[in-house]
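Secondary and tertiary structure notes
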Amino acid sequence: MNILVANDDGIKARGLRELVDALHLRAGATVYVFAPDGQRSAVSHAITLGRKVPVTQVDYDNAELAFVLDGTPADCVALGEKILRDREIEIDMVFAGINHGSNVGTDTTYSGTVGAAIEGCIQGYPSVAVSVDSHQAEYFEYACDLAVETVEKTGGKWDSEIVININTPNLPKDEIKGVRYTVCGDREYINDVQYAGTEGDTSYYIYGGEPIHYAEDQEDIDVLAIQNGYASISPLHKDMTATYAKADIERWRIGK
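A short tour of the structure in this document, coming up. (Residues numbered from 1 in each chain as written. Predicted model: local features only at pLDDT ≥ 70, side-chain atom pairs only at ≥ 80, totals over all residues. Heavy atoms only, no water.)

Let us now look at the environment of Glu-175. Along the polypeptide, Glu-175 turns up in the loop between β7 (162-168) and β8 (179-181). Judged by its relative accessible area of 47%, Glu-175 falls in the partly exposed class. The sequence separation of Glu-175 and Ala-78 amounts to 97 residues, and the corresponding C-alpha distance is 37 Å. (Helix = DSSP H or I, 4+ residues; strand = E, 2+ residues; numbered from the N terminus. Buried < 20%, exposed > 50% of the residue type's maximum accessible area, 1.4 Å probe, protein only.)

Our next topic: the environment of Thr-30. Considering the arrangement of structural elements, one finds Thr-30 in strand β2 (residues 30-36). Taking the C-alpha atoms as reference points, Thr-30 and Thr-182, 152 residues apart in sequence, are found 30 Å from one another. Setting aside chain neighbours within four positions, we find Thr-30 in contact with Met-1, Asn-2, Ile-3 and Glu-64. (Contact = heavy atoms within 4.5 Å.)

One broad trend across soluble globular proteins is that nonpolar side chains are buried collectively. In this structure, Val-5, Val-33 and Phe-95 are the most contacted members of the largest nonpolar core, which totals 39 residues. At seven residues, the largest contribution of residues to this core is made by helix α5 (residues 141-154). With sequence-adjacent residues up to four places away left out, Phe-95 is seen in contact with Ile-3, Leu-4, Val-5, Ala-6, Leu-19, Leu-23, Val-128, Val-130, Ala-147 and Val-151. Formed by 23 residues, the second largest nonpolar core is a distinct cluster that contains Ala-6, Tyr-32, Leu-84 and Ala-116. (Core = buried A, V, L, I, M, F, W, Y, C linked by side-chain atoms within 4.5 Å.)

For any pair of aromatic rings, the description rests on two quantities: the centre-to-centre distance and the angle between the ring planes. According to the stated counting rule, one finds two aromatic pairs in the structure shown. Residues Phe-34 and Phe-67 carry aromatic rings whose centres are separated by 4.9 Å and whose planes lie at 10 degrees to one another, so their mutual orientation is stacked. In this pair, Phe-34 is assigned in strand β2 and Phe-67 in strand β4 (residues 65-69), connecting sequence segments 33 residues apart. Considering the side-chain rings of Tyr-195 and Tyr-205, the 5.6 Å spacing of their centres and the 65 degrees angle between planes classify their relative orientation as edge-to-face. Taken together, the residues Tyr-195 in strand β10 (residues 193-199) and Tyr-205 in strand β11 (residues 202-207) connect sequence positions ten residues apart. Here Tyr-195 matches Tyr-205 in class, with each residue exposed. Directly above the ring of Tyr-60 sits Arg-17, whose terminal nitrogen or CZ lies 3.9 Å from the centroid. (Phe/Tyr/Trp six-rings, centres within 6.5 Å; stacked < 30°, edge-to-face > 60°. Lys NZ or Arg CZ within 6 Å of the ring centre and 35° of its normal.)

Time to look at the packing of helix α2 (residues 73-86) against helix α4 (residues 112-122). Closest axis-to-axis distance for the α2/α4 pair is 7 Å, and the angle between their directions is 25 degrees. Classified by the angle their axes make, α2 and α4 are roughly parallel. Regarding α2 and α4, the two cross each other, and that crossing is right-handed. Here α2 contributes Pro-73, Ala-74, Val-77 and Ala-78 to the contact with α4, which in turn contributes Gly-112, Gly-115, Ala-116, Glu-119 and Gly-120. Here the contact of α2 with α4 is composed, by residue class, of five nonpolar, three polar and one charged. (Axes fitted to C-alpha atoms, helices over the stretch in contact; angles between N-to-C directions. Parallel < 35°, antiparallel > 145°, perpendicular 65-115°, else oblique. Left-handed = near helix turned anticlockwise from the far one by under 90°. Nonpolar A, V, L, I, M, F, W, Y, C, P; charged D, E, K, R; others polar.)

On the surface, a nonpolar cluster with roughly 550 Å² of combined accessible area is contributed by Val-193, Tyr-195, Tyr-205 and Tyr-207. Those elements giving two or more residues to the nonpolar patch turn out to be β10 and β11. In this fold, Tyr-207 is placed in strand β11. For Tyr-207, a relative accessible area of 73% corresponds to the exposed category. (Patch = residues over 30% accessible without salt bridge, like charges linked within 9 Å, V, L, I, M, F, W, Y side chains within 5 Å. Areas by Shrake-Rupley, 256 points an atom, 1.4 Å probe, with all protein chains shown as cover. Salt bridge = Lys/Arg side-chain N within 4 Å of Asp/Glu carboxyl O.)

Within strand β6 (residues 127-132), six of the six residues are buried, which leaves it mostly tucked inside the rest of the structure. Of the two faces of β6, the one holding Ser-127, Ala-129 and Ser-131 and the one holding Val-128, Val-130 and Val-132 are both buried throughout. Sheet analysis places strand β5 (residues 93-100) next to β6, joined by five bridges and oriented parallel. Paired with Val-94 across the bridge in β6 is Ser-127. For the segment spanning β6, α5 and β7, crossover handedness is left-handed. (Pairing = 2+ DSSP bridges. Right-handed = clockwise from strand over helix to strand, strands pointing away.)

Counted by the stated rule, this structure contains 13 salt bridges. Arg-40 serves as the salt-bridge partner of Asp-37, at 2.7 Å between the closest nitrogen and oxygen. Asp-37 gets classed as partly exposed once you look at its relative accessible area, which sits at 43%. By relative accessible area, Arg-40 is classed as buried at 18%. One salt bridge in this structure joins Arg-251 and Asp-248, with 3.1 Å as the shortest N-O distance. One end of the pair, Arg-251, and the other, Asp-248, are both in helix α7 (residues 246-252), three residues apart, so they sit about a helical turn from each other.

Structure, rendered in C-alpha cells:
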C-alpha cells in the first residue's frame, strides 16, 4: 500500500509526524510525504499559479521519500502525484493531516487539510482528512487509530470522489466516548471578526473568536459529535452541485 501524505500545518508539524509513523509502523504502508515549508491553514483548495513552485527533497523518518514545497496543501498533492508518477510509483491512497484543529461543519470549506484531500480525489485516489480539535493539539492517539483502521478495513477501496473526513476531540484516548458517523453541520463563532485598531486612514480587523456551544445533541451532526466528546467520521464529496436546485434554475429561465 503506497500512501501520499500531505498537510497544511507544515513539514515540522507534530500531527504530520504522528500520522506518518502510524501509517508506516502500524498499517504497514509505504509513505510518501509532500508538505508545505510552513503554516498554510485556511487556504482551502488554493493552488499556486503564475510562479514556479520550489520542491526540495528532505529526510523524514518512516517515509520512503519526503519533499517540502513552497506551495499550498493542494499543490502538495497535485505536484506530489506527478513527481511520484514520473518515478513510476503508483499511489493507492491520499491522507491529509493530522491537522491541529478540527475540520467540521462549514469550516471544511476553508480547510487546507480538506482541500488537500479533495485534490487527492481530483487526482483519482480515495482520500482521507484527519484532524484533532485543538490548534494546540496534544492527543493524537485516537486519530491515528482511526487512520490505521481506515487503511486496514477499507484497503483504500471506495469511490475515489469521496473524502473520508475524520475528526477527534483533543482528549486522551480513554476519555473519548466513541465514534459517530456524521454529516456536516453549522460551525459558528462568537466574535469571529474583531476590530483591531486604526492607523491613519487604515482600519485593521482580525479573524478569531470562540466556537459556539450548542445545547442539542444530534448524533449525526459532526460539529455536535466533537463538541460532546465523540470522534466524527463523515463522507465529503468533491462535486459541489446542488442537484436538488437544478429544477429551480430551469424554472427561472435565466438568460432565456
